[in-house]
Amino acid sequence: MSGHRLAPDIPENPQSPPPSPAYGAAPAETGAEDAVLTAERAHLTRSREALRTMREHAQSLSSDAAADWVSEQTLRFLLDQRVAALADHPDTPLFFGRLDRDADDDLPTTLYVGRRHVHDQASRPLVIDWRAPVSRAFYQAGPSDPMGVALRRRFGYRGGEITAFEDEPLTQGEPLGPSRILTEEIERPRTGPMRDIVATIQPDQDEIVRSNLAQTICVQGAPGTGKTAVGLHRAAYLLFTHRERLTRSGVVIVGPNRAFLSYISSVLPALGEVKVGQTTVVDLLGGHTTPEDPAIAALKSDPRMADVLRRALWLHVVKPSEGLVFSKGAHRYRVADYEVREIVAGLRGTTRYGPGRTALARRLAHAVLVGMERRGGSPDDRVHDSVTRSQPVKRLVDQVWPKLTPEQVLHRLFTDADFLAAASRDTLTPDERDLLLQRRLPRSWKTARWTVADASLLDELADLIDRPASIGHLIVDEAQDLSPMQLRALGRRCRNGSATVLGDLAQGTTPWSTRSWKEVLTHLDIDDGTVTELTLGFRVPREILDYAARLLPAVAPDLAPPQSLRPGAGSLSVHEAPAPEALADTLTGTVTHVLTREGSIGLIAADHSLPALSTALTEAGQPHTVLTPDAHDDHRLTLVPAGLAKGLEYDHVIVVEPADIAAAEERGLARLYVALTRAVTSLTVVHATPLPALLRD
């Protein structure tokens, strides 16, 4: 590689906080290279001015010309979105790359690739959106296939200012060596919420990001492979490519908890996408969180429950015992009981429960109208509607096909042993039925408090009663932890759309964690989904991954050990306290040492041990925050319950008492694997209790 790295590091004032680190920076050279850097900085200044002009123009637009109040509000909302999308983030590079092209098209031969499109007042492009088709060459071009690019230039930044550049000639046929700018950007310390990786997307990641909207993809990604970032950037790419369609149908991200959503919340706005829903599966299904015995929850999460629920609902449709009599004036019109039975039998099972009630009423009304015609009448649609809404028809429909809510059906199922037996038939064993009846519910369904597992059953019943709206694209992260019934609920929400499913089978920590992505696609009811794998890590050092991979034979024996491009020599250390009572001193000493390094610090421990550890750090005068399920706090040192660590990353991680994490739950070793793979610079293990056998060496 021919690499030009310009601009000196800016000296740091020892009396002030250190600035954001520069990457790709080296002592400046003179002459032509210095002139190039000056010219690139000037282009950045012009681009920022043009973006500000674009935003001011959007702010000046008025919604007053709309024809009515509703149109005015809609236009105002769209204009506000446009203004928000054009916001300039001064600490974020407006562009990060440049392409010098040989292509014969209408675009300039020199293109700057950045987070959003920017043009001047003459509509000349100053920055090309990274999602545009022409920008694909920035990620995919190489000496073997230059894609019409003669030179690719990468920029190094400190905050929002250019400090360096690096050139990669693509037409000389010589293999490219590692990019210093790219490597240092991947490795640089990070604090606060997750940032986008738009400047460092790798070719295999780019292929997933730019996959067709109609294609559902399952991404198996080892720690540090960037699967979460890939999912977020795919959302941004799809919104750019299919803006009108997805604006109507929506894009929703489903994460494991609110702390995770808080952690990733800044990524899409930084890419100019401000209208993407973010939720957890618990909140999506009603926010029910009542505690429950894990064995009962596991049974409720079993896909066999779908058949039980379907039968339970349709058992409420009873065989008609009498016909219908409808009076109008001096005439009485009869629909015999056998005719009513035929109508009910023809509808049962061929439609959803709710529309079936409506159809039954309309067919009964039609039978009455047939009688009217036989007597010489000529009833029209108004008469048909009137008969449909009449009391005799409503009364018969309520008797035969009663109106139900999901809560009514589930309450009866879990409180009536005979009804449960009739609904389950041979699907559940007697012991399993007894287990479902074990939890005592109140006498009325209206006062029942539902659990997380109940929520997916209620959602299944709601779908059987009436079809829910479909989402254009669904992005599901940490999907390996979702139950079959939760996956069915998510699948219903993208029935007419598509999904990006992200996860790592080795990080499955729930009793129902999946062992196969094909099973996940089956539960989502997606027949043509594609399973792909990200195997090469860029964030977690190899030494740390190798240490964590010792647990794989126990948690995911079929997966190959993850690989990393970063050797990370010296990134792992293990400290054993001389005695359990000395653990606090060993820990506080370790924290003091790690705080001398740059970057964020996550102290991960078994959930139950966090209060004692927090007290020890407070007594030692170490400021910190404790991560909660509802938010990801921006703090240098964060105490992280192992149960919330999934999906997060820190520059430095301290794992306390791995044996306690492993012993805290059924799949504790998988939880420990998660904790050990959250570090992107260093991992320190502190323990007094002997380590799990697989980690002893």
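Residues numbered from 1 in each chain as written. Predicted model: local features only at pLDDT ≥ 70, side-chain atom pairs only at ≥ 80, totals over all residues. Heavy atoms only, no water.

A word on the overall build of the protein chain
Okay, so step 1: Looking only at helices and strands, one finds 28 helices and 22 strands in the protein chain.
Okay, so step 2: Each of the 697 residues in the protein chain was classed as buried or not, and the buried ones make up 53%.
Okay, so step 3: Taking the intrachain contacts of the protein chain between residues at least 6 apart in sequence as the baseline, contacts between residues at least 24 apart amount to 73%.
Okay, so step 4: Accessible surface computed for the protein chain: about 31200 Å², of which carbon and sulfur atoms make up 51%.
Okay, so step 5: Charge-centre separation for the protein chain: the mean point of 78 positive side chains lies 9 Å from the mean point of 90 negative side chains. (Helix = DSSP H or I, 4+ residues; strand = E, 2+ residues; numbered from the N terminus. Buried < 20%, exposed > 50% of the residue type's maximum accessible area, 1.4 Å probe, protein only. Contact = heavy atoms within 4.5 Å. Areas by Shrake-Rupley, 256 points an atom, 1.4 Å probe, with all protein chains shown as cover. Lys, Arg positive; Asp, Glu negative; His and termini not counted. Charge placed at Lys NZ, Arg CZ, Asp CG, Glu CD.)

Quick word on the packing of aromatic side chains
Okay, so step 1: Here the structure, examined in full by the defined rule, presents eight aromatic pairs.
Okay, so step 2: Ring centres of Tyr112 and Phe155 lie 6.3 Å apart, and the angle between their planes is 15 degrees; on these two criteria the pair is classed as stacked. Of the two residues, Tyr112 sits in strand β2 (residues 110-114) while Phe155 sits in strand β5 (residues 149-158), which places them 43 residues apart along the sequence. Each member of the pair Tyr112 and Phe155 is classed as buried.
Okay, so step 3: The interplanar angle of 90 degrees and the centroid separation of 5.3 Å between the aromatic rings of Phe138 and Tyr139 together place this pair among those described as edge-to-face. Each member of the pair Phe138 and Tyr139 is classed as buried.
Okay, so step 4: Here the aromatic cluster, defined as three or more aromatic residues joined through ring pairs, consists of Phe95, Tyr112 and Phe155. (Phe/Tyr/Trp six-rings, centres within 6.5 Å; stacked < 30°, edge-to-face > 60°.)

A look at the domain arrangement of the protein chain
Okay, so step 1: Once the domains are mapped, the protein chain shows domain 1 (31-188), domain 2 (227-288 + 474-537), domain 3 (318-400) and domain 4 (542-695).
Okay, so step 2: Of note, the centres of domain 1 and domain 4, computed from C-alpha atoms alone, are 38 Å apart. (Domains from an automatic or database assignment.)

Looking at the sheet that holds strand β19 (residues 625-626)
Okay, so step 1: Reading across from one edge, β17-β22-β21-β18-β20-β19 is the order of the six strands in this open sheet, with parallel pairing throughout. Only two strands of the sheet have a single partner each, and these edge strands are β17 (572-576) and β19.
Okay, so step 2: When strand β18 (residues 601-605) meets strand β20 (residues 637-641), the two strands line up parallel, connected through five bridges. Residue pairing for β20: Ala605 is matched across the bridge by Pro641.
Okay, so step 3: Along the sheet, helix α26 (residues 610-619) contacts β18, β19, β20 and β21 (650-656); its crossing angle with β20, the most-contacted strand, is approximately 165 degrees. (Pairing = 2+ DSSP bridges. Axes fitted to C-alpha atoms, helices over the stretch in contact; angles between N-to-C directions.)

Some words on the nonpolar core
Okay, so step 1: With 78 residues, the main nonpolar core has Phe96, Trp130, Ile264, Val655, Leu672, Leu676 and Leu683 as its most contacted residues.
Okay, so step 2: One finds Leu360, Ala361, Val393 and Val409 within the second-largest nonpolar core, a separate group that totals 53 residues. (Core = buried A, V, L, I, M, F, W, Y, C linked by side-chain atoms within 4.5 Å.)

Here we look at the pattern of salt bridges
Okay, so step 1: Following the criterion strictly, the structure yields 37 salt bridges and no others.
Okay, so step 2: Note that Arg131 and Glu273 form a salt bridge whose closest N and O atoms lie 2.6 Å from each other. In this pair, Arg131 is assigned in the loop between β4 (125-129) and α3 (136-140) and Glu273 in the loop between α9 (267-270) and β9 (277-280), connecting sequence segments 142 residues apart.
Okay, so step 3: By relative accessible area, Glu273 is classed as buried at 5%.
Okay, so step 4: Between Arg539 and Glu649 there is a salt bridge whose closest N-O contact spans 2.8 Å. Of the two residues, Arg539 sits in the loop between β15 (536-537) and α23 (542-548) while Glu649 sits in the loop between β20 and β21, which places them 110 residues apart along the sequence.
Okay, so step 5: By sharing partners, the salt bridges in this structure join Glu40, Arg98, Asp100, Arg153 and Asp167 into a single network. (Salt bridge = Lys/Arg side-chain N within 4 Å of Asp/Glu carboxyl O.)

Quick notes on the environment of Pro541
Okay, so step 1: Assignment of secondary structure puts Pro541 in the loop between β15 and α23.
Okay, so step 2: You can call Pro541 buried: its relative accessible area is 1%.
Okay, so step 3: Once the C-alpha coordinates of Pro541 and Ala569 are considered, the two residues, 28 residues apart in sequence, prove to be 8.1 Å apart.
Okay, so step 4: Not counting chain neighbours up to four residues away, the residues in contact with Pro541 comprise Ser564, Arg566, Pro567, Gly568, Ser571, Ala679, Val680 and Thr681.

Some remarks on the packing of helix α20 (residues 452-465) against helix α21 (residues 484-493)
Okay, so step 1: Relative orientation of the contacting elements α20 and α21 amounts to 40 degrees, with a least axis distance of 9 Å. Here α20 is positioned oblique relative to α21, judged by the angle of their axes. The element α20 and its partner α21 pack so that their crossing is left-handed. Listed contacts from α21 to Val452, Ser456, Leu457, Asp459, Glu460 and Asp463 of α20 are Met485, Gln486, Arg488, Ala489, Arg492 and Arg493.
Okay, so step 2: In terms of residue class, the contact of α20 with α21 is made up of four nonpolar, two polar and six charged. (Parallel < 35°, antiparallel > 145°, perpendicular 65-115°, else oblique. Left-handed = near helix turned anticlockwise from the far one by under 90°. Nonpolar A, V, L, I, M, F, W, Y, C, P; charged D, E, K, R; others polar.)

What to know about helix α28 (residues 668-676)
Okay, so step 1: Most of α28 sits inside the fold, with eight of its nine residues counted as buried.
Okay, so step 2: The complete set of buried residues in α28 reads Gly668, Ala670, Arg671, Leu672, Tyr673, Val674, Ala675 and Leu676.
Okay, so step 3: The inward-facing, buried residues of α28 contact α23, α24 (552-555), β18, β21, α27 (658-663) and β22 (679-687).

Description of the side chain of Glu40
Okay, so step 1: For Glu40, the location among the structural elements is in helix α1 (residues 32-60).
Okay, so step 2: Setting aside its immediate chain neighbours within four residues, Glu40 contacts Phe95, Arg98, Tyr112, Arg153, Phe155 and Ile162.

Digging into the state of the cysteines
Okay, so step 1: Taken as a whole, this structure holds zero disulfides when the rule is applied.
Okay, so step 2: For Cys494, which is in no disulfide, the shortest distance to another cysteine sulfur is to Cys218 and amounts to 11 Å. (Disulfide = S-S within 2.5 Å.)

Observations regarding unusual backbone geometry
Okay, so step 1: At Ser123, a position not held by glycine, the phi torsion is positive, near 65 degrees.
Okay, so step 2: Structurally, Ser123 can be placed in the loop between β3 (118-119) and β4.
Okay, so step 3: Judged by relative accessible area, Ser123 falls into the exposed class, the value being 56%.
Okay, so step 4: The phi dihedral of Met147 is positive, around 55 degrees, even though this residue is not glycine.
Okay, so step 5: Looking at where Met147 falls in the secondary structure, it is placed in the loop between α3 and β5.

Here's the deal with the confidence of the model for the protein chain
Okay, so step 1: Scored by pLDDT, the protein chain has a mean of 90; 94% of the residues are at 70 or more.
Okay, so step 2: Long-range and interchain partners of residues 1-29, a stretch whose pLDDT sits below 50, account for 80 contacts in this model, where long-range means more than four residues apart. (pLDDT = per-residue confidence, 0-100.)

Topic: the packing of helix α14 (residues 353-374) against helix α16 (residues 391-400)
Each pair of packed helices can be described by the angle between their axes along with the distance between the axes.
Okay, so step 1: Closest axis-to-axis distance for the α14/α16 pair is 10 Å, and the angle between their directions is 135 degrees. Taken together, the axis directions place α14 and α16 in an arrangement best described as oblique. For α14 against α16, the interelement crossing comes out right-handed. For the pair formed by α14 and α16, the contact residues are Arg357, Leu360, Ala361 and Leu364 on the first element and Val393, Leu396, Val397 and Asp398 on the second.
Okay, so step 2: In terms of residue class, the contact of α14 with α16 is built from six nonpolar, no polar and two charged.

So, the sheet that holds β4
Okay, so step 1: Ordered by their spatial adjacency, six strands build an open sheet running β3-β4-β2-β1-β5-β6, and the pairing between neighbours is mixed. Pairing within the sheet leaves two strands with one partner each, and these edge strands are β3 and β6 (161-169).

Digging into α21
Okay, so step 1: Across the 10 residues of α21, nine count as buried, placing the element largely inside the fold.
Okay, so step 2: Of all the residues in α21, the buried ones are Pro484, Met485, Gln486, Leu487, Ala489, Leu490, Gly491, Arg492 and Arg493.

Quick notes on the side chain of Ser456
Okay, so step 1: Secondary-structure assignment places Ser456 in helix α20.
Okay, so step 2: Residue classification places Ser456 among the buried residues on the basis of a relative accessible area of 0%.
Okay, so step 3: Other than its neighbours up to four places away in sequence, Ser456 contacts Leu285, Met485, Gln486 and Arg492.

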